[in-house]
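# Structural overview for review
So the chains spell out like this:
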Amino acid sequence: DYDEGTAYAYGLYRNRASLVNANADQLDASLRLTNLQFTDNGTYECVAVARGSGVAPQEEAVTMELVAWVAPNDPIITDDYNPNTNNLTLTCTAYSGNPAATLTWYRDGSRIYNDSIEVFTSWRGYLDAQSTISAIVNTGQSPTFQCVANHPAFTSSKSVSVTLGAPSVSAINISPTPTMEEPLLEHDDVILTCMTQDGIVPEPVYEWQHDGGPAPANAQRYGNQLKIFSAQVEDSGTYTCTATNAMGTDTGEV
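Residues numbered from 1 in each chain as written. Predicted model: local features only at pLDDT ≥ 70, side-chain atom pairs only at ≥ 80, totals over all residues. Heavy atoms only, no water.

## Let's talk about the pattern of salt bridges
Definition in use: What counts as a salt bridge is simple: a side-chain nitrogen of Lys or Arg found within 4 Å of a carboxyl oxygen of Asp or Glu. Put simply, DSSP H or I for four residues or longer makes a helix, DSSP E for two residues or longer makes a strand, and each gets a number counted from the N terminus. To sort residues, take the accessible area from a 1.4 Å probe on protein chains only and compare it with the maximum for the residue type: under 20% means buried, over 50% means exposed, and anything in between is partly exposed.
Under the counting rule described, the total for this entry stands at one salt bridge. For Arg16, the salt bridge goes to Asp40, with nearest N and O atoms at 2.9 Å. One end of the pair, Arg16, is in the segment before strand E1 (17-23); the other, Asp40, is in the loop between strand E2 (28-33) and strand E3 (42-52), with 24 residues separating them in the sequence. Here Arg16 matches Asp40 in class, with each residue buried.

## A look at the sheet that holds strand E18 (residues 219-222)
Spelled out, the test is: Two strands qualify as a pair provided that DSSP identifies no fewer than 2 bridges between them. The axes used here are C-alpha line fits, helices contributing only the stretch in contact, and every angle between their N-to-C directions lies in the interval 0 to 180 degrees.
In spatial order, the strands read E13-E14-E19-E18; together these four strands make up an open sheet with antiparallel pairing. In this open sheet, the two edge strands, each paired with only one partner strand, are strand E13 (169-175) and E18. Averaged over neighbouring strand pairs, the angle between their axes works out to 15° when direction is ignored. Judged from the four bridges that link them, E18 and strand E19 (residues 225-228) form a sheet pairing that is antiparallel. In the strand pairing of E19, Tyr222 is matched with Gln225.

## What to know about the packing of aromatic side chains
For any pair of aromatic rings, the description rests on two quantities: the centre-to-centre distance and the angle between the ring planes. Defined as follows: We call Phe, Tyr and Trp rings a pair once their centres come within 6.5 Å, taking the six-membered ring for Trp, and we label the pair stacked below 30 degrees between planes, edge-to-face above 60, and tilted otherwise.
According to the stated counting rule, one finds one aromatic pair in the structure shown. Seen in terms of ring centroids, Phe38 and Tyr126 are 4.3 Å apart; in terms of plane orientation they differ by 35°. Their pairing is tilted. Here Tyr126 lies in the loop between strand E9 (116-121) and strand E10 (127-136) and Phe38 lies in the loop between E2 and E3, a separation of 88 residues in the sequence. Its relative accessible area of 18% is what places Phe38 among the buried residues.

## Concerning the state of the cysteines
Rules: Throughout, a disulfide means two cysteine sulfur atoms within 2.5 Å of one another.
Enumeration according to the criterion identifies two disulfides in this entry. For Cys92, the disulfide goes to Cys147, at an S-S distance of 2.0 Å. Across the S-S bond of Cys92 and Cys147 the torsion is about -80°, and the bridge reads as left-handed. Note that Cys92 is positioned in strand E6 (residues 87-97) and Cys147 in strand E11 (residues 144-150), a separation of 55 residues in sequence.

## Topic: the sheet that holds strand E20 (residues 239-245)
An order of E17-E16-E20-E21 is seen for the four strands of this open sheet, with the pairing classed as antiparallel. Strands at the two margins of the open sheet, each flanked by one partner only, are strand E17 (213-214) and strand E21 (248-253). Note: strand E16 (residues 205-210) against E17, two bridges, orientation antiparallel. Its bridge partner lying in E17, Gln209 is registered against Pro214.

## Overview of the pairing of E21
As paired elements, E20 and E21 share six bridges and run antiparallel to each other. Within E21, the position partnered with Thr244 by the bridge is Thr249. Counting the residues in the hairpin turn of E20 and E21 gives two residues.

## Quick notes on the side chain of Thr89
Put simply, the rule reads: Polar contact is the term for a pair of N or O atoms within 3.5 Å; when the atoms are in protein, one must be able to donate a hydrogen and the other to accept it, and sequence-neighboring residues count only if both atoms are side-chain atoms. Whether two residues touch is decided by their heavy atoms; if any such pair falls within 4.5 Å, the residues are in contact.
One can find Thr89 in strand E6. Here Asn87 takes part through its side chain, which lies 3.2 Å from a polar atom of the side chain of Thr89. Ignoring any residue separated from it by four or fewer positions in sequence, one finds Thr89 in contact with Thr78, Asp79, Asp80, Thr132, Ile133 and Ser134.

## Concerning unusual backbone geometry
With an omega of -5°, the peptide bond between Asn98 and Pro99 qualifies as cis. Looking at the secondary structure, you find Pro99 in the loop between E6 and strand E7 (102-107). A cis amide bond, omega 0°, links Ser175 with the succeeding residue Pro176. Summarising the element assignment, Pro176 is placed in the loop between E13 and strand E14 (190-196). In this structure, Asp211 is a non-glycine residue whose phi angle is positive, near 50°. With respect to the secondary-structure elements, Asp211 resides in the loop between E16 and E17. The residue Ser230 is not glycine, and still its phi comes out positive at about 50°. In this fold, Ser230 is placed in the loop between E19 and E20. Take Ser230: its relative accessible area is 30%, and that puts it in the partly exposed class.

See the structure below:
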């Protein structure tokens, strides 16, 4: 018999578990868990024991399943396009949820029903939802595909969209942004970002040139970015970014 509010818990439940209404006269008791965690998921058992003078204790038990909702990450889309067959394969993934997110596909606003759905368990025990579609896209078409994720922990749906087409370089951003008052200095780390339209597929490949030649030896490419470490005077000049995918190519410079 435990006093109300007293926690007799160890390990992961230390200072988080307590009994509520643990009064034998009321014939009921509740277990309160504070700061609910994903590891609290599982089956809980309540055991009631009746004791009487000269009578063997009588025991009854009841179990319940506890599911702690964990909102997954926003969905992301990866692509694979075969220009020989015009087949576009898109995979939408919402990582680290509990339960797994429900994923729904749309093409130009119309629901797609022939997707394949899988759920994977990560090493931490979270559930990754994944849905894949394949479509034949005729030459000249630029369809937009949208993946919508729903989950009990979401207050509203989360979505991500991609559009089949050629990349268009709109600008090359420089970080930190140089000004007359604060120009770039020698030994600064500089990041050049090649800006193309969001959600274009196939994912473009980016190539960089410096004054018509290769990028500096102290620069590294990361996706659509060129990072110049400890910039030198000789790194000054014109930088050209070329974005290319199976649908076309475009170039910008700064």
